[in-house]
Amino acid sequence: EIAKYDGVWKFESPERIVWKNDLGLVLKSKAKHAAISSKLSKKFTFTDKPLVVQYEVLMQNVQDCGGSYIKLLSDSPSLDLRQFNDKTPYTIMFGPDKCGNDIKLHFIFRHINPINGSISEKHSRKPKERLEEPFKDKLPHLYQLVINPDNTFQVSFDHKIVNEGSLLNDFQPPVNPPKEV
């Protein structure tokens, strides 16, 4: 069953003031899926410069189960953002997620097999460090993903690199499978 995205958002100051006059989007409903979407004004291609995805999240309440990730949606003539749901095709998914003791910093991309056209999700390996602070310290944290034209990537948390590698080899399943199985 497709999850309903019926969470309520408000534009307001955080409960714990970090910077004077700071405003942000605040999720007001508990135990609800919520999404904000917007089409880009133009199509972007990254052939000679890196793609940088960066945003800041402040979790006002201790988070037990939920995520704050960004999905860069796949370009499609049938894309209708009013119908956005968990099955809407994306190209990249990036950001923090937690449920119980399972804490992740997702970097997932959907890969189209050039031979048969099948689509599969490629998940980056987990960062070496467990990133619990953003789910309990009630402070803002900066997340950054950089994808370089040479197929390397870096994931940073508060300006500290926590994961890096190759898009071709450092994902499960790998884009380039082993020569021998």
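Each residue is numbered by its place in its chain's sequence as written, counting from 1. Restriction of local features to residues with pLDDT of at least 70 applies here, the model being predicted, together with a cutoff of 80 or more for giving and counting side-chain atom pairs; totals for whole chains, interfaces and linings are based on all residues. To obtain the side-chain values, all non-hydrogen atoms of the structure were included, while hydrogens and water were left out.

- The protein chain is annotated in an unreviewed UniProt entry as Calnexin from Megaselia scalaris.
- UniProt positions are given in the numbering used here, feature names are shortened, and annotations may be inferred rather than shown by experiment. Note on the protein chain: under the UniProt heading Sequence similarities (unreviewed entry), the record states "Belongs to the calreticulin family."
- In the Subcellular location (unreviewed entry) part of its UniProt record, the protein chain is described as follows: "Endoplasmic reticulum".

1. Re the overall build of the protein chain
Link 1 in the chain: From N to C terminus, the protein chain includes zero helices and 12 strands.
Link 2 in the chain: Secondary structure follows DSSP: runs of H or I at least 4 residues long count as helices, runs of E at least 2 residues long count as strands, and numbering of each begins at the N terminus. The linear arrangement of helices and strands in the protein chain, starting from the amino end, is β-β-β-β-β-β-β-β-β-β-β-β.
Link 3 in the chain: The globule rule puts the C-alpha radius of gyration for 181 residues at 16 Å, and the 17 Å found for the protein chain is close to it.
Link 4 in the chain: By principal-axis analysis of the C-alpha atoms, the protein chain measures approximately 55 × 40 × 35 Å.
Link 5 in the chain: For the protein chain, the residues scored as buried account for 32% of the 181 residues in total.
Link 6 in the chain: For this analysis, residues touch if any pair of their heavy atoms sits within 4.5 Å. Intrachain contacts of the protein chain at a sequence separation of at least 6 include 53% that bridge at least 24 residues.
Link 7 in the chain: Total accessible area on the protein chain is roughly 12,500 Å²; 51% of this is exposed by carbon and sulfur atoms.
Link 8 in the chain: In summary, the charge assignment counts Lys and Arg as positive and Asp and Glu as negative, without counting His or the chain termini. To locate a charge, take NZ of a lysine, CZ of an arginine, CG of an aspartate or CD of a glutamate. Taken as two groups, the 26 positive and 23 negative side-chain charges of the protein chain have centres that lie 3 Å from each other. It is over C-alpha atoms that the radius of gyration is taken, and the globule rule equals 2.2 Å times the number of residues to the power 0.38. Only protein chains enter the calculation, and the probe is 1.4 Å; a residue is then buried if its accessible area is under 20% of its type maximum, exposed if over 50%, and partly exposed in between. The Shrake-Rupley method, run with a 1.4 Å probe, gives the accessible areas here. Residue values count only the displayed protein chains as cover.

2. Topic: the sheet that holds strand 10 (residues 152–157)
Link 1 in the chain: Strand pairing is defined by DSSP finding a minimum of two bridges between the two strands. As summarised here, the arrangement of the four strands in space is 3-9-10-11, forming an open sheet in which the pairing is antiparallel. Every interior strand has two partners, whereas the edge strands, strand 3 (51–58) and strand 11 (160–166), have only one. Strand-to-strand, the axes of this sheet are offset by a mean angle of 10°, without reference to chain direction.
Link 2 in the chain: The pairing of strand 3 with strand 9 (residues 140–147) spans eight bridges and is classified as antiparallel. Each bridged residue has a counterpart across the sheet, and for Leu51 the counterpart in strand 9 is Ile147. All axes are obtained by fitting lines to C-alpha atoms, using only the stretch in contact for helices, and the reported angles, taken between N-to-C directions, cover 0 to 180 degrees.

3. Re the pattern of salt bridges
Link 1 in the chain: Salt bridges are defined as contacts in which a side-chain nitrogen from Lys or Arg sits within 4 Å of a carboxyl oxygen from Asp or Glu. Tallied over the full model, the rule gives seven salt bridges.
Link 2 in the chain: Here the salt bridges share partners, and the residues they tie into one network are Asp102, Lys104 and Lys126.

4. Quick look at unusual backbone geometry
Link 1 in the chain: Residue Pro173 is reached from Gln172 by a cis peptide bond, and omega for that bond is -15°.
Link 2 in the chain: With phi around 70°, Asn151 is a residue other than glycine that occupies positive phi space.
Link 3 in the chain: You can see Asn151 is positioned in the loop between strand 9 and strand 10.
Link 4 in the chain: By relative accessible area, which is 32% here, Asn151 ends up partly exposed.

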